[in-house]
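Residue-level listing of the chains:
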Amino acid sequence: MKEYPGTTGLILNEPLLWEKGKKGRNGYSLPRRDVETYAVDEALLGEGPDFPDLSEVDIIRHYVRLSQWNFSVDSGMYPLGSCTMKYNPKTNERQVSQAGFAAAHPLLPPDLSQGILALMYELERFLVEITGMDAATLQPAAGAHGELTGMLLFYAYHKSKGAQRSKIIVPDTAHGTNPASAALCGYKPVPIKSNDQGILAPKDVSQVMDEQTAGIMVTNPNTLGLFEENIKEIAEIVHAKDGLVYCDGANMNAVMGIVHMGDIGIDVLHLNLHKTFSSPHGGGGPGSGPVCVRTHLEPFLPIPRVIEKKGQYLLSADFPDSIGKLHAFYGNVGVLIRAYSYILSMGADNLKKASQLAVLNAAYIKQKLKDTFHLAYDRPCMHECVFSDKNQQMHKVTTLDMVKRLMDYGFHPPTIYFPLVVPGAIMIEPTETESKEDIDLFIDSMKAIADEARENPDLLREAPKNSRRRRLDETAAARKPCLRG
Amino acid sequence: MRYLPHTPEDISAMLEAIGVKSLEDLFPTVPHDCRRTGDLSLPEALTEWELNKHIDKLSNRMAVSPEFKVFLGAGSYDHYIPASVSYLLSRSEFVTSYTPYQPEISQGTLQAIFEYQTLTARLLGMDVANASQYDGASSLAEALLMAVRITRQNKVAVSGLIHPNYRQVIETYFAPTDCEFIELPYTEAGITDLSKINDLENLAAVAVQSPNFFGCIEDLQSSAKKAHDKKALLVVGFTEPLAYGMYKNPGSYDADIACGEGQSLGIPRTFGGPALGMFAAKQKYVRNMPGRLVGQTVDVEGRRGYVLTLATREQHIRREKATSNICTNHSLCALASSMYMASVGGSGFKELARLNYDRCEYLKDRLRKAGYSSPFNRSTFNEFVVQFPQGFETTYQDLLKKKIIAGLPLECYYPELANHYLLCVTETMAKEDMDTLVREVVT
């Protein structure tokens, strides 16, 4: 009998913070008062926040118990498509917590902040090298923030050419944030469909690309896990009408050291350091979304930029064509330090190896599961593969039922119902940090679930059973929102 | 490489199962003219020991306390973070989990965010708070875009005493829109001059920061009246929310949106990020809010639980019609701030805020007695502007050599304020260090 990771154990209940505690307790060592009390304008005084008073032990138990209700990369496999839930190296945490970084004020004079400026300068160079672009900004705080930066760069570029454009091409295999980011810059997204191979056909692009269109936003590899094989031709079509090509680099983990994004016609590309470069997701953030550009867009990059003069690093705002600032200071520096540490730990060969192994793991899963689950596009995949619930529909179970059951087996569900081009999509991205044994166990779990779908479908419909909570009523939550206590 | 678990045997077995010969053969769909010709040019991989040494060298080139006495605030504050908070925050289950889209196995993050939303709403005196955003600057920009959506007006009046960097970010967000950004000047008291609002029409929002960039407490009562008389929303920003442990919060002045930077609540400064964009609004605007929201519900057995909710506002459902393109929250930073707020507690928060105030007043008082006063007489919190004599720049540079950073020179932000410095004092600044500063300035 195979032993799957999923099991049951003693999980402890825990109320909300304000349902425990008692006035008069405290969990904080207040500093000694060594100054007198000064007068204050009474009219401005308030009552202070209505927070509970808790002891340190109350707080420790509270959060330790809460933490135990979470699934995490450190506890198990997270085959979440397009999210690249790879292992988050612990040495990165050590590096970011060094006092010189953690306690650094963002407005320190440059002479007194050379360490972090050097790190940021070098990291920009590394990212430029890895992507094959020419220049980078580290300021965007997340992938979608990077997309917004990219769209602002498009906007500034066309403005500098003297005529603003009104539309942007967004394929159906692009990330969901793309249309929203474009809309913030006033661009109307023009959707185009991928072809029967799951990729973009140049003729479909040329049909919509015109002088009113700012450019195209592609995700490459796309959200079907397929490489956009016609990308060069597409870029030529867009460039011929003086449009720009934006590449959502969320899936960069498939092509490090393999594809040169600059050479294939990409003008702007954002990276997700919390995906490709191993920084942890933190339950939803903070991430970091640096943007790399080709030379013709460099003048528009956000300010301030880190520059080097005679071995000294400086922050310079002297870029008159810049789109301006995107962040209160310079971006999520803590995430940058982790990515920098990761790149230095890996080196060129291991980064390329990581991409190869990420593709190996995905291709292996695709091969092993394609007789069990319907494969949307049976073509060589990159770092992720997309199945659907088509083969299981006859048992009246859905993608949702199957992935909820996967929790009982001890795995986080894949990304589901995305991309939208595949109804009932199950999008699996194992990443390179999962071993063959764990991948095999995942494959066996998926097959066991397919058997259960046939033999005992209620097990799936009622899943999960081993988690602290079972399926939650999301409709009720939205109908009568209770957003605070 | 220790993060890559595949043995050569594993790789062979897997390649064989797939039906290809080598790792290179896994990329048949990447056309040859899309491939790199050479290897990546990056430094040779470092061992963990070498990396530690390299990072230590870089981090040692940074000026931080206790070696340096740093009187800098301006949107980033030094507050003591209890060991218990750092310890809890390093738990893998919080750090290495994803966005809680699968609520059954993410109840820890979800309950923690629900608690964060609650503590934030209580702190700011607002009805609802979201699950957090990137930072104070982008939160403010999003707040103004939200006000534009709600009022269907296209002008915003923004106080010139909102953090200068935040105003730059607002300008960036507004550049491609047809919205107009009008800056309000400041008065002799160091607060926003609201008189210009009378002449403005089609106003979506009036935005002020309190405490403002000079550390002064704004006249939020008048701001609210001016905004509401024009049927505009009052947006109150902040960079130092600890102030609301003492001063009235934005909600007490009928603010429609309160948003700002939460770094001071238990988050290390880390050269300005990651930080915490706190965002709260009146209940009636909840469906216009950007960002994630966690709501309470029940599971199939009727037990209390939490889920991400009202996602129909968000980009992955609404695509280009979404309330924002934001797809993330600064969950771990929000968690840090909740842990911090819970640790300090309701009683402690008031006491800590007052101690911060008194420490700052001590320095203000000492400098005043030494002949250096603030040009603004409004009440302040943690920060104040002081005018030093002409030529103080040289003294400032000398003090840097003595490892004292005597505040932030204001001239590059406000050209009319030559020789004016913004000084910051929190509970971490020792009395003797303030005495040293005064002594050095006087000599």
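Computed from a predicted structure; not experimentally measured.

## Notes on the overall build of chain B
Secondary structure summary: chain B contains 12 helices and 14 strands in total. Burial status across chain B gives 60% buried among its 443 residues. Considering only residue pairs separated by 6 or more positions, chain B has 73% of its internal contacts joining residues 24 or more positions apart.

## Observations regarding the overall build of chain A
Scanning chain A from terminus to terminus reveals 13 helices and 13 strands. Here the C-alpha radius of gyration of chain A, 25 Å, is about what a compact globule of 485 residues would show, namely 23 Å. Dimensions along the principal axes, computed over C-alpha positions, put chain A at roughly 75 × 65 × 45 Å. In chain A, which comprises 485 residues, the share counted as buried stands at 60%. Taking all contacts inside chain A whose residues are at least 6 apart in sequence as the whole, residues at least 24 apart take part in 73%.

## Topic: the domain arrangement of chain B
Residue and element names in this part refer to chain B. Split by domain assignment, chain B resolves into domain 1 (69-82 + 345-442) and domain 2 (83-340). On a C-alpha basis, the centroid separation for the pair domain 1 and domain 2 is 27 Å. Across the contact, 26 residues belong to domain 1 and 31 residues belong to domain 2. Among the elements of the structure, helix 10 (331-369) and strand 11 (383-387) are those that each provide at least two residues to the side of domain 1 that touches domain 2.

## Observations regarding the pairing of strand 14 (residues 420-424) of chain B
Residues and elements named next belong to chain B. Burial analysis of strand 14 places 5 of its 5 residues in the buried class, the great majority of the element. Side-chain alternation along strand 14 places His 420, Leu 422 and Cys 424 on one buried face and Tyr 421 and Leu 423 on a second face that is also buried. Judged from the 5 bridges that link them, strand 11 and strand 14 form a sheet pairing that is antiparallel. Bridge pairing links Gln 387 to His 420 in strand 14.

## Looking at the sheet that holds strand 13 (residues 408-409) of chain B
All names here are of chain B. If you trace the 3 strands from one edge of the open sheet to the other, you get 11-14-13, paired in antiparallel fashion. Single-partner strands in this sheet number two, and they are strand 11 and strand 13. With 2 bridges joining them, strand 13 and strand 14 adopt antiparallel strand pairing. When the bridges of strand 14 are listed, Leu 408 appears paired with Leu 422.

## A look at the interface of chain B and chain A
Across the contact, 162 residues belong to chain B and 169 residues belong to chain A. For the side of chain B that touches chain A, the element with the most residues is helix 10 of chain B, which contributes 22 residues. Its residues placed into classes, the side of chain B that touches chain A shows 79 nonpolar, 52 polar and 31 charged.

## Comments concerning the domain arrangement of chain A
Domain boundaries in chain A define domain 1 (1-69), domain 2 (92-344) and domain 3 (355-475). The C-alpha-based centres of domain 1 of chain A and domain 2 of chain A are spaced at 39 Å.

## Quick notes on the confidence of the model for chain B
Averaged over all residues, the pLDDT of chain B is 96; the fraction at 70 or higher stands at 99%. Both confidence scores are given for the complex: pTM 0.97, ipTM 0.97.

## Details of the environment of Val 57 of chain A
Residues and elements named next belong to chain A. Here Val 57 is to be found in helix 1 (residues 56-67). The class of Val 57 is exposed, set by 11 C-beta atoms lying within 10 Å. In the structure, Val 57 is positioned 31 residues away from Asn 26 in sequence and 9.8 Å away in space, judged by C-alpha atoms.

## Points about the pairing of strand 7 (residues 257-261) of chain B
Residues and elements named next belong to chain B. With respect to burial, strand 7 is a largely interior element, 5 of its 5 residues being buried. When strand 6 (residues 233-238) meets strand 7, the two strands line up parallel, connected through 4 bridges. From the neighbouring strand, Val 236 faces strand 7, where its bridge partner is Ala 258. The pairing of strand 7 with strand 8 (residues 277-281) spans 5 bridges and is classified as antiparallel. Looking across to strand 8, one finds that Gly 260 is bridged to Met 278.

## Comments concerning the sheet that holds strand 10 (residues 374-375) of chain A
Pairing between the strands of a sheet is mediated by backbone hydrogen bonds and can be parallel or antiparallel. Residues and elements named next belong to chain A. Pairing is antiparallel across the open sheet formed by 4 strands, whose spatial order is 10-11-13-12. Only two strands of the sheet have a single neighbouring strand rather than two, namely strand 10 and strand 12 (415-416). Across 2 bridges, strand 12 lies against strand 13 (residues 426-428) in antiparallel orientation. Bridge pairing links Thr 415 to Met 427 in strand 13.

## Focus: the packing of helix 10 (residues 399-408) of chain A against helix 11 (residues 436-455) of chain A
All names here are of chain A. For the pair helix 10 and helix 11, the least separation of the axes is 10 Å and the interaxial angle reads 125°. By the angle class used here, helix 10 and helix 11 are oblique. Every pair of crossing elements has a handedness; the one defined by helix 10 and helix 11 is right-handed. Note on element contacts: helix 11 touches helix 10 through Ser 445, Ile 449, Glu 452 and Ala 453, opposite Met 402, Arg 405 and Leu 406. Taken together, the residues that form the contact of helix 10 with helix 11 break down as 4 nonpolar, 1 polar and 2 charged.

What counts, and at which threshold
Residue numbering note: each chain is counted from 1, following its sequence as written. The order in which chains are written sets their letters, starting at A; the order in which ligands are written sets their numbers, starting at 1. A pLDDT threshold of at least 70 governs which residues receive local features in this predicted model, and a stricter bar of 80 or more applies before side-chain atom pairs are shown or counted, although totals over entire chains, interfaces and linings include all residues. Every helix listed is a DSSP run of H or I at least four residues long, and every strand listed is a run of E at least two residues long, numbered separately from the N terminus. Labels follow a simple rule on C-beta atoms placed from the backbone: if 20 or more others lie within 10 Å of a residue's own, it is buried; if 12 or fewer, it is exposed; otherwise it is partly exposed. Placing a C-beta atom from the backbone of each residue, one calls two residues in contact when those atoms lie within 7 Å. Each radius of gyration reported is based on C-alpha atoms, and the globular scaling rule is 2.2 Å times the count of residues to the power 0.38. A domain assignment, automatic or from a database, supplies the domain bounds used here. We treat two strands as partners when DSSP finds at least two bridges between them. Following the grouping adopted for this structure description, the nonpolar residues are Ala, Val, Leu, Ile, Met, Phe, Trp, Tyr, Cys and Pro, the charged ones are Asp, Glu, Lys and Arg, and the polar ones are all others, Gly among them. Confidence scores per residue from the predictor, reported as pLDDT, run from 0 to 100. Axes, fitted as lines to C-alpha atoms, cover a helix only where it is in contact. Angles between the N-to-C directions of the axes lie from 0 to 180 degrees. Oblique is the label for any angle not covered by the other classes, which are roughly parallel (under 35 degrees), roughly antiparallel (over 145) and roughly perpendicular (65 to 115). Crossings are classed by handedness, with left-handed meaning an anticlockwise turn of the near helix from the far one by less than a right angle and right-handed meaning a clockwise turn.

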